[in-house]
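Residue-level structure breakdown
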Amino acid sequence: MVSLFHIIKAITWRIIGSIDTFILSWFISENLDYGLTISGLEIISKIILYYMHEITWFKLPFKDSKKRHFLKTLTWRVIGTADTFFLSSFITGNPLMGLKIGTMETFSKMILYYLHEKLWYKSNYGIKN
């Protein structure tokens, strides 16, 4: 089931996530082109991965919102960090650089994602009752 809620939520998160990836990739690699390329490719890969993650969690019968937000944040972060690591390693040709970018992103994105998730959880935008 595709809903406006999931589409808009995925887009808003991807905008936030791409800006974060761009800034981290650029500053860690000290190369603007790497930052642009990594964040640009992640727009495609992460929209697909995030949508699949979102639909899976939407179907789960979790009632405890704090536990749900925490577990959802962790599972997404594992998927997101793996994607960033592989893309960064490939683009820079340096697995250590990919590890640095992925590690820094883990911390920044967990905070950003948790806040984004909390805001959207309170919203019923695009959901038909």
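The preceding data block contains the structure.
Our subject in this report is the structure included herewith.

Definitions and limits used
Residues numbered from 1 in each chain as written. Predicted model: local features only at pLDDT ≥ 70, side-chain atom pairs only at ≥ 80, totals over all residues. Heavy atoms only, no water. Helix = DSSP H or I, 4+ residues; strand = E, 2+ residues; numbered from the N terminus. Expected span 1.5 Å × (residues − 1). Bend = angle between axes of the 7 residues up to and from the residue. Buried < 20%, exposed > 50% of the residue type's maximum accessible area, 1.4 Å probe, protein only. Contact = heavy atoms within 4.5 Å. Patch = residues over 30% accessible without salt bridge, like charges linked within 9 Å, V, L, I, M, F, W, Y side chains within 5 Å. Areas by Shrake-Rupley, 256 points an atom, 1.4 Å probe, with all protein chains shown as cover. Salt bridge = Lys/Arg side-chain N within 4 Å of Asp/Glu carboxyl O. Phe/Tyr/Trp six-rings, centres within 6.5 Å; stacked < 30°, edge-to-face > 60°. Polar contact = N/O pair within 3.5 Å; in protein donor to acceptor, adjacent residues only side chain to side chain.

Let's talk about helix α2 (residues 32-59)
The end-to-end C-alpha distance of α2, which contains 28 residues, comes to 40 Å, matching closely the 40 Å that a straight helix rising 1.5 Å per residue would cover. Of all the bends found along α2, the most pronounced is centred on Ile 43 and spans about 35°. By the burial criterion, the buried members of α2 are Gly 35, Ile 38, Ser 39, Glu 42, Ser 45, Lys 46, Tyr 50, His 53, Glu 54, Ile 55 and Trp 57. In this structure, the buried residues of α2 make contact with α1 (4-29), α3 (65-92) and α4 (95-121).

Thoughts on a nonpolar patch on the surface
Where nonpolar side chains cluster on the molecular surface, the patch consists of Ile 7, Ile 11, Ile 15, Ile 19, Ile 23, Trp 26, Phe 27, Leu 32 and Leu 36 and spans about 810 Å² of accessible area. Listing elements by their share of the nonpolar patch, those giving two or more residues are α1 and α2. No other element matches the 7 residues that α1 contributes to the nonpolar patch. Residue placement: Ile 11 occurs in helix α1.

Notes on the packing of aromatic side chains
The relative placement of two aromatic rings is captured by the distance of their centres and the angle of their planes. Tallying each qualifying case throughout the model produces 6 aromatic pairs. Both rings, one in Trp 26 and one in Phe 27, keep their centres 5.2 Å apart while their planes meet at 20°; by these two values the pair is stacked. On the basis of relative accessible area, Trp 26 is assigned to the partly exposed category, the value being 32%. Taking the relative accessible area as the measure of exposure, Phe 27 reaches 55% and is therefore exposed. Ring plane angle 65° and centroid distance 5.2 Å describe the contact between Phe 85 and Phe 86, whose orientation is recorded as edge-to-face. What makes Phe 85 partly exposed here is its relative accessible area of 25%. An aromatic cluster of at least three residues, connected via ring pairs, comprises Trp 13, Tyr 50, Trp 76 and Tyr 113.

Re unusual backbone geometry
Backbone geometry at Glu 30 places phi at a positive 60°, although glycine is not the residue there. Position of Glu 30 relative to the elements: it lies in the loop between α1 and α2. Overall, the relative accessible area of 72% leaves Glu 30 in the exposed class.

Some words on the environment of Lys 46
Secondary-structure assignment places Lys 46 in helix α2. Since its relative accessible area comes to 3%, Lys 46 is described here as buried. A sequence separation of 28 residues divides Lys 46 from Ser 18, and the C-alpha atoms of the two residues are 9.1 Å apart. For Lys 46, the contacting residues outside a window of four places in its chain are Arg 14, Trp 76, Gly 80, Asp 83, Thr 84 and Glu 105.

Looking at α4
Along α4, the helix axis deviates most sharply at Thr 106, where the bend reaches about 30°. What α4 keeps buried is the set Met 97, Gly 98, Ile 101, Gly 102, Glu 105, Thr 106, Lys 109, Tyr 113, His 116, Glu 117 and Trp 120. Buried-residue contacts for α4 involve α1, α2 and α3. Where α4 starts, the residue carrying a side-chain oxygen 2.9 Å from the main-chain nitrogen of Leu 96 turns out to be Asn 94.

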